[in-house]
Amino acid sequence: MFVAGASLAWNSKDFDQAKIIPVLGRDIFGSSTIASAAIDLGLVHKKLGIRIANETPLGTVIAAPKPEDRELFCRNGLKWFSKIEPAKIKATLKEIERQRAALLRARPASPSQKNLLRELDLAARMAAQSCKFMLWQQAVAAGKISKAGPMALAGIRELKQLQKNFERYWPLRNKATPKHCSGFLQWRIDDYRAKLSRSHGSF
């Protein structure tokens, strides 16, 4: 955004987003491929067809608090599945995975750029989990238990791996403990397990 702001300040009438990709690739990410993927991932929420101030379902679904916490900013997270068409969620998930594939092909040069790549991919994986969680919620709401069960098991497995990666990457840039930063991943695991327990016995 700093680069975009500088470009607009220089010439507000002829802003071309594509022109900032080489600059980001050279000065920030060490790769135009990563820079392009970063911009596309930043805009991928538009595929959901939802426009609301200070929120995107890709963030608030995975971070939705427990109802008893009465947290405000992500309070709508567990409701979005009923308002977004499955086709739009699937299209969003497909685009996230396409951009992740581009990230994995990139070869950043410096340790700091490699760290940026890991963090960007981690964020993309979290966004993908929001999509998968909404699709699972829709399967549950439709009574498709035979479909929802495997989706929940896959979700639990992927979220556990995400937890491990988060805890490993966090100290590379931050001094504080990740204890209070990734608790929401466990909330979604608990949601999956609760439904599995009611549907198929204890897991």
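Please refer to the structure higher up on the page.
Conventions adopted
- Residues numbered from 1 in each chain as written.
- Predicted model: local features only at pLDDT ≥ 70, side-chain atom pairs only at ≥ 80, totals over all residues.
- Heavy atoms only, no water.
- Salt bridge = Lys/Arg side-chain N within 4 Å of Asp/Glu carboxyl O.
- Helix = DSSP H or I, 4+ residues; strand = E, 2+ residues; numbered from the N terminus.
- Buried < 20%, exposed > 50% of the residue type's maximum accessible area, 1.4 Å probe, protein only.
- Contact = heavy atoms within 4.5 Å.
- Polar contact = N/O pair within 3.5 Å; in protein donor to acceptor, adjacent residues only side chain to side chain.
- Phe/Tyr/Trp six-rings, centres within 6.5 Å; stacked < 30°, edge-to-face > 60°.
- Lys NZ or Arg CZ within 6 Å of the ring centre and 35° of its normal.
- Axes fitted to C-alpha atoms, helices over the stretch in contact; angles between N-to-C directions.
- Parallel < 35°, antiparallel > 145°, perpendicular 65-115°, else oblique.
- Left-handed = near helix turned anticlockwise from the far one by under 90°.

Enquirer: I tried to follow the pattern of salt bridges on my own but got confused; where do I start?
Expert: Side-chain pairing between opposite charges can occur once the charged atoms of the two side chains come close. Evaluation of the coordinates by the stated rule reveals 7 salt bridges. Salt-bridge contacts for Glu95 lead to Arg98; the nearest nitrogen and oxygen are separated by 3.0 Å. Residue Glu95 and its partner Arg98 are located together in helix 5 (residues 86-105), separated by 3 residues, close to a single helical turn. The class for Glu95 is buried, based on a relative accessible area of 14%. Here Asp191 makes a salt bridge to Arg188, at a shortest N to O gap of 2.8 Å. Of the two residues, Asp191 and Arg188 both sit in helix 8 (residues 183-200), 3 residues apart, roughly one turn of that helix. Owing to a relative accessible area of 26%, Asp191 belongs among the partly exposed residues under this scheme. A residue is classified by how much of its surface remains accessible, and Arg188, at 2% relative accessible area, is buried. Sharing partners across several salt bridges, the network here consists of Glu97, Arg100 and Asp121.

Enquirer: Mind showing me how you'd approach the environment of Arg173 here?
Expert: Looking at where Arg173 falls in the secondary structure, it is placed in the loop between helix 7 (145-169) and helix 8. Classification of Arg173 as partly exposed rests on a relative accessible area of 47%. For the pair Arg173 and Leu116, spaced 57 residues apart in the sequence, the C-alpha separation amounts to 9.9 Å. Those residues in contact with Arg173, other than ones at most four positions away along the chain, are Asn115, Leu116 and Glu119.

Enquirer: Quick question: what am I supposed to make of the side chain of Ser130 here?
Expert: Within the secondary structure layout, Ser130 lies in helix 6 (residues 111-141). We classify Ser130 as buried; its relative accessible area is 0%. Within the local environment of Ser130, its side chain forms a polar contact with the backbone nitrogen of Ile62, the two atoms lying 3.1 Å apart.

Enquirer: Hey, could you run me through the packing of aromatic side chains in this one?
Expert: By convention here, two paired aromatic rings are described through the distance between centres and the angle between planes. On inspection of all chains with the given rule, the structure shows 4 aromatic pairs. Summarising the aromatic geometry, the rings of Trp136 and Tyr192 are spaced 4.7 Å apart at their centres and angled 70° between planes, so their arrangement reads as edge-to-face. On the criterion of sequence distance, the pair formed by Trp136 in helix 6 and Tyr192 in helix 8 is long-range, its members being 56 residues apart. Sitting over the ring of Trp80, Lys83 keeps its end group 5.4 Å from the ring centre.

Enquirer: Help me understand the packing of helix 3 (residues 32-43) against helix 5, please; the structure alone is not making it clear to me.
Expert: To characterise two packed helices, one gives the angle between the axes of the helices and the distance between these axes. Interhelical geometry of helix 3 versus helix 5 gives an angle of 160° and a closest axis separation of 9 Å. Accordingly, the angle class assigned to the pair helix 3 and helix 5 is roughly antiparallel. Handedness of the helix 3/helix 5 crossing: left-handed. In this structure, helix 3 uses Thr33, Ile34, Ala37, Asp40 and Leu41 to contact helix 5, whose residues at the interface are Ile96, Gln99, Ala102 and Leu103.

Function cannot be inferred from these measures alone, as they are strictly geometric.
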